[in-house]
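Next come the chains, spelled out residue by residue.
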Amino acid sequence: MGSGGCAMDVLGSRSSVTGWLLGGLLLALSLLSVRLGRLPPPLSWIRRRRKKPVRVYMDGCFDMMHYGHCNALRQARALGDQLVVGVVSDDEITANKGPPVTPLHERMIMVGAVKWVDEVIPNAPYAITEEFMNKLFTEYNIDYIIHGDDPCLLPDGTDAYALAKKAGRYKQIKRTEGVSSTDIVGRMLLCVRERSLGGTHNHSSLQRQFSHGHNQKVDDVGSGSGTRVSHFLPTSRRIVQFSNGKGPGPDAHIVYIDGAFDLFHAGHVEILRLARELGDFLLVGIHTDQTISATRGAHRPIMNLHERSLSVLACRYVDEVIIGAPWEVSKDMITTFNISLVVHGTIAENMDFLNSNPYAVPMAMGIYKKLESPLDITTSTIIKRIVSNHEAYQVLLN
């Protein structure tokens with residue numbers, strides 16, 4: 001018994017030693033495998049490394065910024081995690097395309113207000129040079145350079161994005177059909193021409209024809225209002241793409257501001273920014289084409305209701321829009337949308353309210369506030385700039 005017990009003790013000791021050795025060997029192999037990256041480490045050993053964001057770059061003139069520009073930026077942002085936008089300088093635009101309508105500081109405001117833009121670079125070159133491309137890659141940590149599928153040629157006929165394509169760091173998005181800065185310039189020039197010639201039916205038809213394509217059918221609505229009906233009809237998907245998709249909270253302080261927002265410009269952006277700062281949720285009412293024609297003349301608006309709605313929806317300060325808002329802010333409307341405050345800027349067209357005051361109800365309720373407009377810009381300001389550079393734009397349109 002004694003000798004058998006001793007033998008078992010020895011065997012037990014050997015088994016323990018062997019177990020420890022095997023355990024140590026397995027542990028060493030596990031550590032080696034983890035180090036070599038062949039096996040996933042235990043969860044307790046993982047220190048989550050933050051994923052490097054994919055940064056994409058897109059540049060442009062963004063002159064007379066419209067919903068087509070905004071849709072391009074939306075598509076570019078979808079190709080990465082952060083969107084950096086370069087805004088071409090005034091001098092570069094003048095040298096390559098003619099003088100811009102909106103100066104750099106206004107274009108910077110416009111681009112910076114687009115909800116899909118994370119960072120803006122001023123005075124970007126019109127053509128991406130090797131030096132600037134390397135700066136994008138090293139200083140701004142750009143992974144890809146984005147542009148639309150429409151050709152972008154320099155005056156000498158070369159591709160403005162040839163270097164990015166050669167470097168394998170170029171991605172392409174689809175151009176938004178149905179709108180361009182050139183088209184908008186044409187609408188404005190015809191608007192001025194129509195007004196100066198007394199707004200006859202023939203010139204009104206010419207304006208509408210230019211706006212929608214020379215061989216398209218144009219429908220007239222209303223009794224001689226001259227309001228054009230757009231053949232640009234956004235799908236529900238496009239509206240959803242531009243929308244925030246979030247409603248106000250139960251206790252949200254909802255601010256309401258309305259207007260035409262025709263030729264959406266930096267003055268609009270700045271007043272929307274101030275309005276948003278006064279509450280938790282900014283609701284924007286966009287007047288119909290017929291309302292604008294009735295209050296500002298048959299030659300307005302330049303942009304139709306759907307186009308204006310998308311431009312406003314793309315603004316980061318806007319939470320929701322009412323497409324086709326009524327001219328007068330009624331008690332029922334205030335109750336329906338739970339509006340806490342109605343605001344309006346000091347710089348706006350048609351502020352006389354000769355027939356009736358559209359803000360009479362919120363004024364009587366004590367929930368109306370007039371905001372000091374940061375910029376003295378209206379749609380008429382933009383049109384006057386076009387007229388002052390008429391010859392340059394005639395070259396652009398030919």
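Every value quoted in this text rests on a predicted model; they were computed, and no experiment measured them. (Residues numbered from 1 in each chain as written. Predicted model: local features only at pLDDT ≥ 70, side-chain atom pairs only at ≥ 80, totals over all residues. Heavy atoms only, no water.)

A. A look at the layout of surface pockets. The calculated volume of the largest pocket comes to roughly 890 Å³. Lining the largest pocket are 36 residues; nearest its centre among them are Cys61, His69, Lys97, Asp150 and Ser181. Within the residue set of the lining of the largest pocket, elements represented by two or more residues are strand 1 (55–60), helix 2 (67–77), helix 3 (90–97), strand 4 (144–148), helix 7 (181–196) and helix 16 (390–397). The class makeup of the residues in the lining of the largest pocket is 19 nonpolar, 11 polar and six charged. (1 Å grid on protein atoms, 1.4 Å probe; cavity = no way out; pocket = protein on both sides within 12 Å on 5 of 7 lines; lining within 4 Å. Points joined across faces, edges and corners; volume = space filled by probe spheres on them. Helix = DSSP H or I, 4+ residues; strand = E, 2+ residues; numbered from the N terminus. Nonpolar A, V, L, I, M, F, W, Y, C, P; charged D, E, K, R; others polar.)

B. Highlighting empty space enclosed by the protein. Tallied over the entire structure, the rule returns four cavities of 30 Å³ or more. Computed from the structure, the largest cavity encloses a volume of approximately 390 Å³. Along the walls of the largest cavity sit 28 residues, with His268, Arg296, His344, Ile347 and Ala348 positioned nearest its centre. Listed by contribution, the elements that provide at least two residues to the lining of the largest cavity are strand 6 (254–259), helix 10 (266–276) and strand 9 (339–345). Looking at the lining of the largest cavity, its residues break down into 13 nonpolar, 11 polar and four charged. Roughly 170 Å³ of volume is contained in the second largest cavity. Forming the walls of the second largest cavity are 19 residues, and the residues nearest its centre are Met64, Met65, Leu263, Phe264 and His265. For the lining of the second largest cavity, the elements supplying multiple residues, two or more each, are helix 4 (104–112) and helix 12 (305–313). The class makeup of the residues in the lining of the second largest cavity is 11 nonpolar, four polar and four charged.

C. Spotlight on the pattern of salt bridges. If you walk through the whole model with that rule in mind, you get 12 salt bridges. Between aspartate 289 and arginine 308 there is a salt bridge, and its shortest N-O distance comes to 2.7 Å. On the criterion of sequence distance, the pair formed by aspartate 289 in helix 11 (residues 289–296) and arginine 308 in helix 12 is long-range, its members being 19 residues apart. Across the pair, arginine 308 and aspartate 289 agree in class, each one buried. (Salt bridge = Lys/Arg side-chain N within 4 Å of Asp/Glu carboxyl O. Buried < 20%, exposed > 50% of the residue type's maximum accessible area, 1.4 Å probe, protein only.)

D. Structural detail: the side chain of histidine 268. Relative to the helices and strands, histidine 268 resides in helix 10. Setting aside its immediate chain neighbours within four residues, histidine 268 contacts Phe261, Asp262, Leu263 and Thr379. (Contact = heavy atoms within 4.5 Å.)

E. Quick peek at the sheet that holds strand 4. Spatial strand order, 3-2-1-4-5: five strands in an open sheet with parallel pairing. The open sheet is flanked by strand 3 (119–124) and strand 5 (170–173), the only strands paired with a single partner. Here the strands of the sheet are splayed against their neighbours by 30 degrees on average, with no regard to which way each runs. Both strand 2 (residues 82–88) and strand 3 contribute to a ladder of four bridges, which runs parallel. Bridge pairing links valine 88 to alanine 124 in strand 3. The strands touched by helix 4 are strand 2 and strand 3; relative to strand 2, the strand with the most contacts, the crossing angle is about 165 degrees. Packing against the sheet, helix 5 (residues 130–138) makes contact with strand 1, strand 3 and strand 4, and its axis sits at approximately 120 degrees to strand 4. (Pairing = 2+ DSSP bridges. Axes fitted to C-alpha atoms, helices over the stretch in contact; angles between N-to-C directions.)

F. Just the sheet that holds strand 9, in detail. Strands sit in the order 8-7-6-9-10 across an open sheet of five strands; the sheet is parallel. Either end of the sheet is taken by a strand with one partner, and the two such strands are strand 8 (320–325) and strand 10 (368–371). Shown here is a sheet whose adjacent strand axes are inclined to one another by a mean of 25 degrees, direction ignored. Pairing between strand 6 and strand 9: four bridges, direction parallel. Counted as the bridge partner of isoleucine 257 is valine 343 from strand 9.

G. Seen up close, the packing of aromatic side chains. Counted under the stated rule, the structure contains five aromatic pairs. An angle of 75 degrees between the planes, with centres 5.2 Å apart, marks the rings of tryptophan 116 and phenylalanine 242 as edge-to-face. Here tryptophan 116, found in the loop between helix 4 and strand 3, pairs with phenylalanine 242, found in helix 9 (residues 236–242); they are 126 residues apart in sequence, far enough to count as distant. Its relative accessible area of 13% is what places tryptophan 116 among the buried residues. Here the aromatic rings of phenylalanine 261 and phenylalanine 264 are separated by 6.4 Å at their centres, their planes lie at 50 degrees, and the arrangement is tilted. (Phe/Tyr/Trp six-rings, centres within 6.5 Å; stacked < 30°, edge-to-face > 60°.)

H. Spotlight on unusual backbone geometry. Omega for the bond connecting arginine 300 with proline 301 falls within 30 degrees of zero, at 0 degrees, which places this linkage in the cis form. When you line up the elements, proline 301 lands in the loop between helix 11 and helix 12. For phenylalanine 62, which is not glycine, the phi torsion reads 55 degrees and is therefore positive. Position of phenylalanine 62 among the secondary structure elements: in the loop between strand 1 and helix 2.

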